[in-house]
Amino acid sequence: MSTAPGPYDSGRERDRDEEGRARNQRPRDGLGRPLPYGTDGVARQPEGVVRTPEESVAEAQVLLDAGRPFHAHEVFEDAWKSGPPAERDLWKGLAQLAVGLTHAARGNTKGGARLLLRGAGAVAGWRAGPDGLERPYGIDLTELARWAEALADLLEREGAAVDAAARAPRLRGGAAG
């Protein structure tokens, strides 16, 4: 077996956390795409932050409005990992919507449309479930699902990347992109 660096090996020692799990400290752009080492990237969203649901929604909205849905997805991911089990599907669905917008902005329109529809189904399914609410933490789930379905339709029809900030949803109602 060869020990020579492969085509994807930068020759750097892998960055690991205190438990030995690999971390990727490579700089990233506003849509979460890796940039070459040494490049100035966008500040990463800290992982594992425990926020109240209201703080999660507010932080995610700021990131969505700034055209950073990849980072909003990380906020939703923290919420599903730290929140009550009954709400996991809600936060996972919101994360899928943010990743769908990320893919749409990166130009992966088929993948973006698929994730938007999956996220719309997840939030609608959660709303209809035994623990579901129409407007958890002020999030208008019905309007959010409509936004996702309309954007997925646009992506399927036009097949072109979208501006993430211009198409960002309003989580707590109002005009969506």
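Placed above this text is the structure.
What counts and what doesn't
- Residues numbered from 1 in each chain as written.
- Predicted model: local features only at pLDDT ≥ 70, side-chain atom pairs only at ≥ 80, totals over all residues.
- Heavy atoms only, no water.
- 1 Å grid on protein atoms, 1.4 Å probe; cavity = no way out; pocket = protein on both sides within 12 Å on 5 of 7 lines; lining within 4 Å.
- Points joined across faces, edges and corners; volume = space filled by probe spheres on them.
- Helix = DSSP H or I, 4+ residues; strand = E, 2+ residues; numbered from the N terminus.
- Salt bridge = Lys/Arg side-chain N within 4 Å of Asp/Glu carboxyl O.
- Buried < 20%, exposed > 50% of the residue type's maximum accessible area, 1.4 Å probe, protein only.
- Expected span 1.5 Å × (residues − 1).
- Contact = heavy atoms within 4.5 Å.
- Axes fitted to C-alpha atoms, helices over the stretch in contact; angles between N-to-C directions.
- Parallel < 35°, antiparallel > 145°, perpendicular 65-115°, else oblique.
- Left-handed = near helix turned anticlockwise from the far one by under 90°.

Q: Explain empty space enclosed by the protein here, please?
A: Rolled over the atoms, a probe sized like a water molecule indicates the empty space that remains. Per the stated rule, a full pass over the model turns up one cavity of 30 Å³ or more. Considered as a void within the structure, the largest cavity measures approximately 50 Å³ in volume. Taken together, L64, F76, L94, L97, A98, L101, L144, W147, P169 and L171 make up the lining of the largest cavity. Elements with a contribution of two residues or more to the lining of the largest cavity: helix 3 (88-106) and helix 5 (141-158).

Q: How should the pattern of salt bridges be read in this particular structure?
A: Side chains bearing opposite charge may pair, as long as their charged atoms lie close to each other. Under the criterion given, the structure shown has six salt bridges. In this structure, R135 and D140 form a salt bridge, with 3.1 Å as the shortest nitrogen-oxygen distance. Judged by relative accessible area, which is 43%, R135 ranks as partly exposed. Across the pair R157 and D153 runs a salt bridge whose closest N-O atoms are separated by 2.9 Å. One end of the pair, R157, and the other, D153, are both in helix 5, four residues apart, so they sit about a helical turn from each other.

Q: Hey, could you run me through unusual backbone geometry in this one?
A: Peptide bonds are, in most cases, trans, and in most cases residues other than glycine have a negative phi. Of note, the phi angle at Y137 is positive, near 55°, even though the residue is not glycine. Looking at the secondary structure, you find Y137 in the loop between helix 4 (109-128) and helix 5. Taking relative accessible area as the criterion, Y137 reaches 25% and is therefore assigned partly exposed.

Q: Could you clarify how one ought to interpret the environment of G48 in this entry?
A: In this structure, G48 sits in the segment before helix 1 (53-65). As a C-alpha pair, G48 and S82 span 34 residues in sequence and 8.0 Å in three-dimensional space.

Q: Looking at this structure, I do not really get helix 2 (residues 69-82). What am I missing?
A: The periodicity of an α-helix, 3.6 residues per turn, causes residues three or four positions apart to be oriented the same way. The first and last C-alpha atoms of helix 2 sit 20 Å apart over 14 residues, in line with the 20 Å expected at 1.5 Å per residue. Counting buried residues along helix 2, 11 of its 14 residues qualify, which places the element largely inside the surrounding structure. All of the buried residues along helix 2 are P69, F70, H71, A72, H73, E74, V75, F76, D78, A79 and W80.

Q: What exactly am I supposed to notice about the side chain of Q61 here?
A: Tracing the backbone shows Q61 in helix 1. With residues up to four places along the chain from it excluded, the contact list for Q61 reads P169, R170, L171 and R172.

Q: Is there a simple way to explain the packing of helix 3 against helix 5 in this structure?
A: The description of two packed helices rests on the angle between their axes and on the distance between the axes. Contact geometry for helix 3 and helix 5: axes closest at 11 Å, N-to-C directions at 30°. By the angle between their directions, the pair helix 3 and helix 5 is classed as roughly parallel. Two packed elements cross with a definite hand, and for helix 3 against helix 5 that hand is left-handed. Residues L90, L94, L97, L101 and A104 of helix 3 form the contact with helix 5, whose participating residues are L141, L144, W147, A148, L151 and L155.

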